Amino acid sequence: MDTAARSAEIQRVLLITLGMNVLAAAVKLSAGAWSGSLSLLAGGVDAAFDGLANVAGLAATRFASRPADADHPYGHRKYETFVGVAIAALLFLTCWRLANEALQHLGFMAPGSADRSLIAAADVHWLVLVAPAVAATINWATARYEARRGVTLGSELLVADAGHTRSDAWVSLAIVGGLVAVRAGLSWVDPVLALGIAVVVAWTGWRIVRDTA
């Protein structure tokens, strides 16, 4: 596959991924606005940031597809690597945010302005529980598709972005666990779950940095 065809295929995958990420964000934001769940609203914002990463990836592949010139005798493929590292940085940022919030709820840090347990048990309707589960399913399907195409096309950008999307699936599942805990009155389960997910997200980011290095 020549450079132009490869670039066009990567952009097609990114456009499909962008659409799926927007769908996942819409599901969580809608449920969060309806229920007043801060965790769902935060998860929706996180998914929206994934969409921004896809837009950045589209811009990067346009640069990467340019032919070699005097300043870049080996072409512009390294633009994909740079964006891959940027996506890893977004993963670490997500990890820090999750860990910081979890430690606040566990009493190890001074509380911030957000509280994932503010939603009342009566507000956790079954539809509110279904929303993040649906978003997690969308995230997993999207990540699997993007990773498979990334390996086939030899795109570090797609593989890295798939890792970020996969982390969103874990975040969505953590939200489900937190909402179930709120409904059952076990508020401490939510921050413990979020802290565990933060570790998984950090490991994914490290693997991306290691592979792109």
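Higher on the page you've got the structure.
Given the structure is predicted, the values throughout are model-derived calculations rather than measurements.

### A short note on the overall build of the protein
For the protein, the count of helices and strands is six helices and zero strands. The secondary structure elements of the protein, listed N-terminal to C-terminal, are α-α-α-α-α-α. Looking at the protein as a whole, 46% of its 213 residues are labelled buried. For the protein, the exposed surface amounts to about 10400 Å²; the carbon and sulfur share of it is 69%.

### Description of the nonpolar core
Core analysis: the largest hydrophobic core is formed by 17 residues, its most contacted members being Leu40, Val124, Ile175, Leu179, Ile197 and Val201. For this core, the element with the highest residue contribution is helix 5 (residues 156-184), accounting for five residues. Counting residues in hydrophobic clusters, the runner-up holds eight residues, among them Val13, Leu14, Leu153 and Leu158.

### Remarks on helix 5
Relative to the 42 Å expected for 29 residues at 1.5 Å per residue, helix 5 spans 43 Å between its end C-alpha atoms, a close match to the ideal helical length. The buried fraction of helix 5 is high, at 21 of 29 residues. One side-chain oxygen at the N-terminal end of helix 5 lies 3.2 Å from the backbone nitrogen of Leu158; it belongs to Ser155. After helix 5 finishes, the residue Gly185 shows a positive phi value of roughly 85°.

### Remarks on the packing of helix 4 (residues 126-153) against helix 5
Think of two packed helices as two axes; the pair is described by the angle between the axes and how far apart they sit. Relative to each other, helix 4 and helix 5 sit at 165°, their axes nearing to 8 Å. Judged by the angle between their axes, helix 4 and helix 5 are roughly antiparallel. Every pair of crossing elements has a handedness; the one defined by helix 4 and helix 5 is left-handed. When the residues that make up the contact of helix 4 with helix 5 are grouped by side-chain class, the tally is 22 nonpolar, five polar and six charged.

### Thoughts on helix 4
Compared with an ideal rise of 1.5 Å per residue, which puts 28 residues at 40 Å, helix 4 spans 41 Å between its outermost C-alpha atoms and is within 8% of the ideal. Looking at the residues trailing helix 4, positive phi occurs at Gly154, about 65°.

### Concerning the packing of aromatic side chains
Note on aromatic pairs: each is described by the distance of the centres and the angle between the planes. For the structure on display, the rule yields one aromatic pair. An angle of 75° between the planes, with centres 5.7 Å apart, marks the rings of Trp140 and Trp170 as edge-to-face. Residue Trp140 is located in helix 4, and its partner Trp170 is located in helix 5; the two are separated by 30 residues in the primary sequence. What makes Trp170 partly exposed here is its relative accessible area of 32%.

### What about the pattern of salt bridges?
Under the counting rule described, the total for this entry stands at two salt bridges. Among the ionic pairs, Arg12 bridges to Glu9, the shortest N-O distance being 2.9 Å. One end of the pair is Arg12 and the other is Glu9, both in helix 1 (residues 3-35) and three residues apart, which spans about a single turn. Across the pair Glu9 and Arg149 runs a salt bridge whose closest N-O atoms are separated by 2.9 Å.

### Quick look at a nonpolar patch on the surface
Nonpolar side chains collect at one region of the surface, where Trp34, Trp126, Leu127, Val130 and Val134 lie side by side and expose about 500 Å² of accessible area between them. You can see Val134 is positioned in helix 4. On the basis of relative accessibility, which here comes to 36%, the residue Val134 falls in the partly exposed class.

### What to know about the side chain of Thr17
The topology assignment puts Thr17 in helix 1. Setting aside anything within four residues of it in sequence, one finds Thr17 in contact with Asn54, Thr142, Glu146, Asp161 and Thr165.

### Some remarks on the environment of Ala86
Mapped onto the elements, Ala86 comes out in helix 3 (residues 78-105). Spatially, the C-alpha atom of Ala86 lies 9.6 Å from that of Leu157, the residues being 71 residues apart in sequence.

What counts as what
Residues numbered from 1 in each chain as written. Predicted model: local features only at pLDDT ≥ 70, side-chain atom pairs only at ≥ 80, totals over all residues. Heavy atoms only, no water. Helix = DSSP H or I, 4+ residues; strand = E, 2+ residues; numbered from the N terminus. Buried < 20%, exposed > 50% of the residue type's maximum accessible area, 1.4 Å probe, protein only. Areas by Shrake-Rupley, 256 points an atom, 1.4 Å probe, with all protein chains shown as cover. Core = buried A, V, L, I, M, F, W, Y, C linked by side-chain atoms within 4.5 Å. Expected span 1.5 Å × (residues − 1). Polar contact = N/O pair within 3.5 Å; in protein donor to acceptor, adjacent residues only side chain to side chain. Axes fitted to C-alpha atoms, helices over the stretch in contact; angles between N-to-C directions. Parallel < 35°, antiparallel > 145°, perpendicular 65-115°, else oblique. Left-handed = near helix turned anticlockwise from the far one by under 90°. Nonpolar A, V, L, I, M, F, W, Y, C, P; charged D, E, K, R; others polar. Phe/Tyr/Trp six-rings, centres within 6.5 Å; stacked < 30°, edge-to-face > 60°. Salt bridge = Lys/Arg side-chain N within 4 Å of Asp/Glu carboxyl O. Patch = residues over 30% accessible without salt bridge, like charges linked within 9 Å, V, L, I, M, F, W, Y side chains within 5 Å. Contact = heavy atoms within 4.5 Å.

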